Amino acid sequence: MSSFVLRSTGRVKAALLAAVTLLAPAASRAAAPAPYSLPWQLRPTAALNVVRSDTAFALSQPVEGEQNLTDAFMLLASYKVLPQLAPFVRFGAVHHNPARGRSGTSFVNPALGATYAIPFNESLRLALFLGFTVPVGMSGGNEPDAAVATATRSGVLARSAMDNAMFAVNDFTVFPGVGLSYVSGGFTAQVEATVLQLTRVRGEAVQPDASRTNFTSGLHLGYFVLPVMSLGGEVRYQRWLSTPASVTSPELRDNLTVAIGPRFHIKLKDGPTLRPGLAYAFALDAPMSKQKYSILQLDIPIAF
């Protein structure tokens, strides 16, 4: 009798172990966070260990029939010092090849800052952001090289006017921002707003404004059509809150652009996650629409 009980107990234990083994992967999948559609030019709402290469190739026609090409490159590195806090550093360079005149290359202001992510629940999270620039970019000062200065200015619209702080090479800029995202079932919706306060520290002979105030915002929507691929689109809006000398007409006060494209999500075995994406961006209003801007963005984040 006792041997029968022992055998029965052994069979029950074996059955329970098998059930746990079968259910463990499913439980693990259920506990995994919902996939997040990474925005194109808005900031992530998470603290990340990431290296991100981001290049915009912009074609424009300031004069009918004369096409300019601008390549604006950004390189960002971010590291979590706390689970919710990730400082970052970002560098940028731009090359401008005009239809007429000399081409130029400029290394623009580096930016430093940090993101603090606040998860409210599994789907909703808030990100607070604070950044500033180091005003050491090329073409700054009272005697800039004309071709380099043109390259620096061309980078603003090549980046859809969303990275103005880095191209304002005569200014020290502080830019706080906030982002809010909803992530559930493969769907992502995110909004963002940033205020940029620019203060001139050099170049008073060529830049009349001692200070300027700029505002950027955006909406990103993304959806995972496959486990390894998402489609993302976003609307970006930039507006001058002050009236700098460069705003000589109402159409120069703001910019409205749209971008859309696919992104792939590739997890390497025992290694980082690659999230390469390609987006096409265009303008909805002047001055960029009048200049027929057409922008291709190649974005390659590597998360560790």
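Residues numbered from 1 in each chain as written. Predicted model: local features only at pLDDT ≥ 70, side-chain atom pairs only at ≥ 80, totals over all residues. Heavy atoms only, no water.

**Some words on the side chain of Gln41**
Part 1 of the argument: With respect to the helices and strands, the residue Gln41 is situated in the loop between helix 1 (2-31) and strand 1 (50-63).
Part 2 of the argument: On the accessibility criterion, Gln41 (12% relative accessible area) is buried.
Part 3 of the argument: A polar contact of 3.2 Å, which involves the side chain of Gln41, links it to the side chain of Asp163.
Part 4 of the argument: Residues in contact with Gln41, not counting those within four places in the same chain, are Arg159, Ser160, Met162, Asp163, Glu234, Arg236 and Gln297. (Helix = DSSP H or I, 4+ residues; strand = E, 2+ residues; numbered from the N terminus. Buried < 20%, exposed > 50% of the residue type's maximum accessible area, 1.4 Å probe, protein only. Polar contact = N/O pair within 3.5 Å; in protein donor to acceptor, adjacent residues only side chain to side chain. Contact = heavy atoms within 4.5 Å.)

**Some remarks on the pattern of salt bridges**
A side chain with one charge may pair with a side chain of the opposite charge, provided their charged atoms come close.
Part 1 of the argument: Counted according to the given criterion, the structure contains 13 salt bridges.
Part 2 of the argument: The closest approach of N and O atoms between Arg159 and Asp163, which form a salt bridge, is 2.9 Å. By the burial criterion, Arg159 is buried, and Asp163 matches it.
Part 3 of the argument: Ionic pairing is found between Arg212 and Asp171, a salt bridge with its closest N-O pair at 2.2 Å. In this pair, Arg212 sits in strand 9 (residues 211-226) while Asp171 sits in strand 7 (residues 171-184), placing the two residues 41 residues apart along the sequence. (Salt bridge = Lys/Arg side-chain N within 4 Å of Asp/Glu carboxyl O.)

**Let's talk about the pairing of strand 5 (residues 111-119)**
Part 1 of the argument: Two elements, strand 3 (residues 85-97) and strand 5, share six bridges in a ladder whose sense is antiparallel. Bridge assignment links Phe88 to a residue of strand 5, and that residue is Gly113.
Part 2 of the argument: One ladder, built from nine bridges, connects strand 5 with strand 6 (residues 124-133); its direction is antiparallel. Note that in strand 6 the partner of Gly113 across the bridge is Gly131.
Part 3 of the argument: Taken together, strand 5 and the strand that follows it, strand 6, pair antiparallel across an intervening segment of four residues. (Pairing = 2+ DSSP bridges.)

**Considering unusual backbone geometry**
Part 1 of the argument: The step from Ala286 to Pro287 runs through a cis peptide bond, and the omega angle for that step is 10 degrees.
Part 2 of the argument: Position of Pro287 among the secondary structure elements: in the loop between strand 14 (277-283) and strand 15 (294-303).
Part 3 of the argument: Unlike most non-glycine residues, Ala161 shows phi in positive territory, near 60 degrees.
Part 4 of the argument: With respect to the element layout, Ala161 can be found in the loop between helix 2 (146-158) and helix 3 (164-167).

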